[in-house]
Amino acid sequence: MIEFKGVTKRFGEITALKGIDLKIETGEIFGIAGPNGAGKTTLVRMLCAALHPDSGAVFVNGVNVSENEVLVKRYIGYLPEEPNLYERLTARRFLQFFGRLYDPDIGEERIKEVLGLVGLLDRAESPISTFSKGMRHRISLARAILHDPPILILDEPTMGLDPAVATAIRDLVYSMKGEKTVVLCTHYMDEAERLCDRMAILNQGRVVALGTPERLKEDVSKTLGKEVTLDEAFVHYTR
Amino acid sequence: MRPLSITRGERALQTLFKEEITSVISNKRYMLSLILQLLLLFAILPVFGSFLSTGRISITTPALNEFIPLGVVDESSSSAYLRRALEANTKLETVYLDRYDESALKSGKVAGILIIPRDYDESLNKVLVVRLITYGPGIKEGAVYDALYPSVAEASAMLTEKRKEAFGVSIEDPVKIEKRFLSPVVVTEGGSRFSGFFLSYLVPLMLFFPIFMVGSIILDSVVGEREKKTVESLLAAPIKRSWLVYSKFLSASFFVLLQLLLWLAVFNLYGVPLHNQGLIIAIVMIIDSAIIATALLLAFYSRTVKEANIALMLLYTVVFVSLIVSLSIRYFDRGLLATPFTIVSSLVVGDRTGLLFWPAALLIYTGLVLAINVRFVERDDIIFGPRPTVQRLLEDLALWLFSTGRAGYIYLTLVFGAFAIVYSTVLEAALGISVVFAFGVTNLLIPLFAFVEEAVKPAGLYFLARRRRLKRGEALLLGALSGFMFFALESAVFAFATYYLFPSRLLDILRMRIAVTLPIHVAGSAIVGYGVAERRYFAAAVLAATAVHTLFNLAVTGGVL
């Protein structure tokens, strides 16, 4: 289980997160939505210890992330919003490098398996600098799942991708349902509705809504007195 | 979940290190410049190395452009050929002396004294020996010898011709140079063949070239990684942030060491007689490590590659100027105390003096700067922005030091007392130059310097007071401790200088400082500390401390103390 307890994070004068309290159950696909600058990326960066809270704490299975970051990070796979790749490396070398950082037991077989899973096996020896945007997202996803982590954090995994690649990634995430805990940041409400068991909507550093997509829609529908889509519910919560 | 341990950390660090190395090796521009650098070294060594001279090949050394003052004592009755050859020598400024004058040599008026003895007689068909007396090995001696040798060879050649005409036969090279040194240190055969300038100046200079090449590696490794945002993926990987610093530091050091070894290999290949090669490697690497750690700090703090480039250029300018000035003073005036760079110059020619202080100080400095680097990368604002101001960093440091329990008082005092030495030196230099230029009077400097020191010493308290209200007693104590720390560091600098310049006065100076300077610094800073707690008295406190300090300075400069 993942738990955020009173997490606050400031960047200079700006407070990106304001006392976030949140629980994510093991095995669920949990969506995080919110307008630009709401604090989604900050929240997930904190979960994978790329950022540290100014106050409060993040726990993974009861372990404080900031105090045991090396240990906790082994359980987590992270797909950042931008792929951030080492351009000069080939796809295989890239995975090999990260594989060694995560788990020295990751061998060539696993690298091949993951490359196959994201459809890049035939480009294993190509330098990443020659990859298209979709391929970059896929190799980045391959890195995130390489060490078979029980927790997967995906920050805008389908943003700006063509429908075919986006669908392939969504299918892959869906196939993990029940097996892995997936934290999914997204702007696409249809994606959240299809994939997420529960979701939180963030606005100006606070959780303004939390529940299943159905529940969020129902709550807004009751308030407005009409049936709404998840997109409309999102607008309602974040206006 | 599988049970996991963090004992894999070392392997992860190794992976990061290897990746940094691979990244540099795959950088074609860097590798090309490395190869070109080596080729250049192969090409220029013969030009400078008088080792190529066997008497027949003309010697080319930088000394060609110098006028080396050579005293000549001619006791002989027949030395016309040699005198003619000496006068024709454009490298030498020949000064004829009535008698052998050791003081001229010691004072540096002449770089060497050539004695043409009584038994030197060019009319006889025998080996003629002249004596070249120099102070000792390693500095100008090689250059003097190199400059003198062509004249002796020319005289030899002329004499050989003349003797063949007169006697029908002559020994080859009839004129020999016998070398003697005032200094008891024995110079090696190599030292006699190599220009002193080459060994004492150019070789140490060249040994520091690799550090100037490694800057691009550091920039690409730190700022490039941040700009390309690959650092985010690394931070999400199971590694400690400090490993990022260590892997970058180690890889930069690795390439400096690699180049240094290559350069030494080339020197050895050409037969350049370098002493203490193991020690040279160690000392050069200690110095370079300090520079690498500083460059890393600048790179981590820079927002963009452009900004980091400017910062690195400034660092390199300081290093380069220090290097050139140190080596120049070391070469032209042997009396200067050791700097880190001159230690290498000394080692090259077999002198091991000054080995303890600088390497130890630099190792401490490097450790400290690496620790700051680690603290830097542990800050999210350094990695992701917005970049904190220096004032913010110092405030955070003050708070962190203070929060470390009772010892926090001491840490705060130690760190900001040390900073105060740097601040006050820089401020005093800047203000001093400005005041002298603007008003043309030096008397103003006495109260001005007192003011600067009194204002700067309790800097830690200023930062602390911005975050929390200080109690009067607490501020008084912290101020006094700041003054003590400032005194301790200032005294260490004084002691170091005195040890080199007037070693017999060391204890007197220390006694004097403890008796008089210590109370002044402690009392002054305590008064200002009180002013920090009671803000309405702050200006009065600083003025009072400045007044006491000024009186002390006047007493010292007036010779009362």
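Conventions we followed
Residues numbered from 1 in each chain as written. Chains lettered and ligands numbered in written order. Predicted model: local features only at pLDDT ≥ 70, side-chain atom pairs only at ≥ 80, totals over all residues. Core = buried A, V, L, I, M, F, W, Y, C linked by C-beta atoms within 7 Å. Buried ≥ 20, exposed ≤ 12 C-beta atoms within 10 Å, placed from the backbone. Helix = DSSP H or I, 4+ residues; strand = E, 2+ residues; numbered from the N terminus. Domains from an automatic or database assignment. Contact = placed C-beta atoms within 7 Å. pLDDT = per-residue confidence, 0-100. Nonpolar A, V, L, I, M, F, W, Y, C, P; charged D, E, K, R; others polar. Pairing = 2+ DSSP bridges. Axes fitted to C-alpha atoms, helices over the stretch in contact; angles between N-to-C directions.

### Thoughts on the nonpolar core
In terms of nonpolar packing, the biggest core is built from 172 residues, with A:Ile32, A:Leu47, A:Ile153, A:Leu184, B:Leu148 and B:Leu296 touching the most fellow members. No other element matches helix H12 (residues 277-301) of chain B, which puts 14 residues into this core. Both domains that furnish three or more residues to this core are identified here as domain 1 (12-43 + 204-387) and domain 2 (51-193) of chain B. What B:Leu148 contacts, discounting residues up to four positions off in sequence, is B:Leu70, B:Leu92, B:Leu114, B:Leu132 and B:Ile177. Ranked by size, the runner-up nonpolar core spans 33 residues in total, among them B:Leu401, B:Phe451, B:Ile527 and B:Ala541.

### A short note on the confidence of the model for chain B
Residues and elements named next belong to chain B. When pLDDT is averaged along chain B, the result is 82, and 87% of the positions lie at 70 or above. Mean pLDDT in chain B bottoms out at helix H6 (residues 189-193), which sits at 39, and peaks at H12, which reaches 96. Counting interchain partners and residues more than four positions distant, the pLDDT-below-50 stretch residues 49-65 has 39 contacts. pLDDT under 50 marks residues 183-193. Its contacts with residues more than four places away, or in other chains, come to 22 contacts. In the predicted assembly, ipTM is 0.92 and pTM is 0.75.

### A closer look at the interface of chain B and chain A
Reports often express the size of an interface as the amount of accessible area lost when the parts come together. Contacts between chain B and chain A engage 25 residues on the former and 25 residues on the latter. Among the elements of the structure, helix H1 (9-25), helix H10 (230-236) and helix H16 (380-384) of chain B are those that each provide at least two residues to the side of chain B that touches chain A. Classifying every residue of the side of chain B that touches chain A by side-chain character gives eleven nonpolar, five polar and nine charged.

### A word on the sheet that holds strand S6 (residues 76-79) of chain A
Residue and element names in this part refer to chain A. Pairing within the open sheet is mixed, and its six strands lie in the order S6-S7-S8-S3-S9-S10. Strand pairing shows two members of the sheet lacking a second neighbour, S6 and strand S10 (206-211), which therefore form its edges. With strand direction ignored, the average angle separating the axes of adjacent strands in the sheet is 15 degrees. Pairing of strand S7 (residues 151-155) with strand S8 (residues 181-185) involves five bridges; the strand directions are parallel. Bridging from a neighbouring strand, Leu 154 pairs with Leu 184 of S8. Set on the sheet, helix H5 (residues 133-145) makes contact with S6 and S7; between it and S6 the angle comes to about 170 degrees.

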